[in-house]
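# Structural overview
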Amino acid sequence: MSATTYPDYSPGLQGVIGGLTSVSKITVEESRLEYRGYNVHDLASKGSFEETAYLLIKGKLPTQSELDEFNAALDAERAIPSQVIDALRACAPGTHQMDMLKVGYSVLSGFDPDYNQEDPTDHEANVRKAIRITAKAATIATAAYRIANGKDPIAPKAGLKTAANFLYMLHGEEQDDYTVLVMDAALTLYAEHTYNASTFACRVCVATLSDLYSGIVTGIGTLKGPLHGGANEEAMAMLMEIGSPENAEAWLRDALATKKKIMGFGHREYKVGDGRAIYLTEVAKEIGRRKGNTNWGDIADIMEKIMREEKNIYPNVDFPAAYAFYLLGIPIELYTPIFVIARVTGWSAHAIEQLDDNRLIRPSCIYTGELGLEYSAIETRG
Ligand code: SDX
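Described below are features of the structure shown in this document. (Residues numbered from 1 in each chain as written. Predicted model: local features only at pLDDT ≥ 70, side-chain atom pairs only at ≥ 80, totals over all residues. Heavy atoms only, no water.)

## Concerning the overall build of the protein chain
When you go through the protein chain residue by residue, the secondary structure sums to 16 helices and 3 strands. Taken over the C-alpha trace, the protein chain has a radius of gyration of 22 Å; the compact-globule value for 382 residues is 21 Å, and the two agree within 12%. The C-alpha extent of the protein chain, read off along each of the three principal axes, is 70 × 60 × 45 Å. Of the contacts formed within the protein chain by residues at least 6 apart in sequence, a portion of 75% connects residues at least 24 apart. When the accessible area of the protein chain is evaluated, it comes to approximately 18,000 Å², of which 52% is carbon and sulfur surface. If the 37 positive side-chain charges of the protein chain are averaged to one point and the 51 negative ones to another, these points end up 2 Å apart. (Helix = DSSP H or I, 4+ residues; strand = E, 2+ residues; numbered from the N terminus. Rg over C-alpha atoms; globule rule 2.2 N^0.38 Å. Contact = heavy atoms within 4.5 Å. Areas by Shrake-Rupley, 256 points an atom, 1.4 Å probe, with all protein chains shown as cover. Lys, Arg positive; Asp, Glu negative; His and termini not counted. Charge placed at Lys NZ, Arg CZ, Asp CG, Glu CD.)

Shown next as structure tokens:
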């Protein structure tokens, strides 16, 4: 990347204010994250992912009757049209799960009852769409994964909430309460994170008065990258390559010496640790203790110590999520789709906020090429 610096320009828009939002706030110096004013750790430990989804999409915590109604609405919308399944089956063998998710939502959009909504800024229509998009995320993700692995998709089970239904549709049977509890908390922690790359991309998309589904597909494509959501899968691959605590230090020092980016570490915003990682690390260690497998947590301890001492870099949410999901028996290629199952709520909240008070997002740029060149006939160009 160019070493030249310019006034009024920051590479990667680091430190640049991209907009206003009331959806969430990061307090960097305290590693604190709040969704519409509520600490995410309270939401993750005392609430449910559905309460968080309601809070993000509707703007307030639900009463019991509002939550019951919301859960009923999600329940009624978890199934996906057979045409979406057909489209997933048409994907080339080896298609990345995130690419299959883009296919799923692209085909699904045409079946949404509000597909032809007159006004892209219609708040209520966008909220209805957000509920359908949220309800169907786990169904599409598990269908894509099962199809890619030569199995038939499993339909959602009435009455199961998002985390429990995801695990049911993945495995074909309900999972134990603790596994469901951990998955529910992980979805809450992954749901929203201010103007991260995929959320910003989603806002840019809908700010052209494109539709919410296009914003979601934009978010999925952006989240796929290993510098963003794809890091949780890469982090587990890294831990498996290391294999045991005895190998951790040598592996890491070699990686740092060769300027490798250590997946699951570092963050554009947090500089003294990602509060979500602190919470999920405790959860991941507890799972390890319950399963009698502390190998991954022991490797993590060594890596975190070295990264802190050598680079003053801390783990982000993706590092503990990686080995927590692994210990829960979740296939690695589903880690980033789990991020999508949660983040469609944050993307929807931001897209609705953008469309409620919209202005096209179109930054300027500084031209660095040549100017005033003479056009020459093609035969003279050599
Ligand atoms: C998510 O933005 C969000 O909110 C995202 C997210 C969300 O909830 O939406 O929190 C989810 O995407 C978390 C991040 C997941 N990505 C990774 O774990 C990939 C590994 N991390 C890095 O690539 C990096 O930390 C980023 C991309 C996350 C942030 O990088 P920045 O802010 O662009 O910083 P940088 O790459 O310019 O690095 C600054 C310095 C460099 O050293 P020097 O070249 O100046 O000597 O820190 C070093 C980097 O080399 N560095 C790392 C590192 N992260 C930064 N070195 C080794 N390993 C790392 N992970």
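## Some points on the packing of helix 6 (residues 123-148) against helix 7 (residues 162-171)
At a closest axis distance of 9 Å, the pairing of helix 6 and helix 7 adopts a crossing angle of 20°. Compared by their axis directions, helix 6 and helix 7 come out roughly parallel. Our pair here, helix 6 against helix 7, has a crossing hand that is right-handed. Facing helix 6, whose interface residues are Ala138, Thr139, Thr142, Tyr145 and Arg146, helix 7 presents Phe166, Met169, Leu170 and His171. Of the residues in the contact of helix 6 with helix 7, the class split is 5 nonpolar, 3 polar and 1 charged. (Axes fitted to C-alpha atoms, helices over the stretch in contact; angles between N-to-C directions. Parallel < 35°, antiparallel > 145°, perpendicular 65-115°, else oblique. Left-handed = near helix turned anticlockwise from the far one by under 90°. Nonpolar A, V, L, I, M, F, W, Y, C, P; charged D, E, K, R; others polar.)

## Regarding a negative patch on the surface
A cluster of acidic side chains, namely Glu118, Asp119, Asp122 and Glu124, defines a negative patch on the protein surface. Summarising the element assignment, Glu118 is placed in the loop between helix 5 (97-109) and helix 6. (Patch = residues over 30% accessible without salt bridge, like charges linked within 9 Å, V, L, I, M, F, W, Y side chains within 5 Å. Salt bridge = Lys/Arg side-chain N within 4 Å of Asp/Glu carboxyl O.)

## Topic: the nonpolar core
In terms of nonpolar packing, the biggest core is built from 114 residues, with Tyr105, Phe166, Ile262, Met303 and Ile330 touching the most fellow members. The two domains that each donate at least three residues to this core are domain 1 (46-176 + 191-225 + 333-356) and domain 2 (231-327). Residues in contact with Phe166, not counting those within four places in the same chain, are Ala138, Thr142, Met183, Ile330, Leu334, Ile338 and Ile341. (Core = buried A, V, L, I, M, F, W, Y, C linked by side-chain atoms within 4.5 Å. Buried < 20%, exposed > 50% of the residue type's maximum accessible area, 1.4 Å probe, protein only. Domains from an automatic or database assignment.)

## Considering the sheet that holds strand 1 (residues 24-27)
Sheet architecture is open: 3 strands sit in the order 1-2-3, paired in antiparallel fashion. Looking at which strands have only one partner, the edges of the open sheet turn out to be strand 1 and strand 3 (38-39). (Pairing = 2+ DSSP bridges.)

## Side note on the site of the ligand
Neighbouring the ligand are 23 residues; His193, His267, Arg268, Arg276 and Arg343 lie closest to it. Within the side chain of His267, one N or O atom sits 2.6 Å away from an oxygen atom of the ligand. Coverage of the ligand by the protein amounts to 73% of the 1,100 Å² it exposes when considered alone. Broken down by secondary-structure element, the contributors of at least two residues to the shell around the ligand are helix 14 (295-311) and helix 16 (335-356). When grouped by side-chain class, the residues that make up the shell around the ligand number 9 nonpolar, 7 polar and 7 charged. Looking at the shell around the ligand, you find at least three residues from each of domain 1 (46-176 + 191-225 + 333-356) and domain 2 (231-327). (Near = heavy atom within 4 Å. Polar contact = N/O pair within 3.5 Å; in protein donor to acceptor, adjacent residues only side chain to side chain.)

## Focus on helix 16
With 22 residues, helix 16 ought to run about 32 Å at 1.5 Å a step, and its terminal C-alpha atoms sit 32 Å apart, in line with that. Along helix 16, the helix axis deviates most sharply at Arg343, where the bend reaches about 45°. The element helix 16 is largely enclosed, with a buried count of 21 among its 22 residues. (Expected span 1.5 Å × (residues − 1). Bend = angle between axes of the 7 residues up to and from the residue.)

## What about the pairing of strand 1?
Relative to strand 2 (residues 32-35), strand 1 runs antiparallel, the two sharing 4 bridges. The partner of Ile26 across the bridge, within strand 2, is Leu33. Hairpin connection from strand 1 to strand 2: 4 residues lie between these consecutive antiparallel strands, with Ser31 at a positive phi of about 50°.

## Looking at the packing of aromatic side chains
Tallied over the entire structure, the rule returns 10 aromatic pairs. Ring geometry for Tyr190 against Phe339: centres 4.1 Å apart, planes inclined by 40°, an arrangement best described as tilted. With Tyr190 in helix 8 (residues 177-190) and Phe339 in helix 16, this residue pair connects regions lying 149 residues apart in the sequence. The burial state of Tyr190 is the same as that of Phe339; both residues are buried. Consider the rings of Tyr195 and Phe200, whose centres lie 5.8 Å apart with planes at 35°: the pair is tilted. Among the aromatic side chains, those forming a connected cluster through ring pairs are Tyr190, Phe325, Tyr335 and Phe339. Its guanidinium or amino end placed over the ring of Tyr178, Arg290 lies 3.6 Å from that ring's centre, counting from NZ or CZ. (Phe/Tyr/Trp six-rings, centres within 6.5 Å; stacked < 30°, edge-to-face > 60°. Lys NZ or Arg CZ within 6 Å of the ring centre and 35° of its normal.)

Geometric values such as these leave the question of function open.
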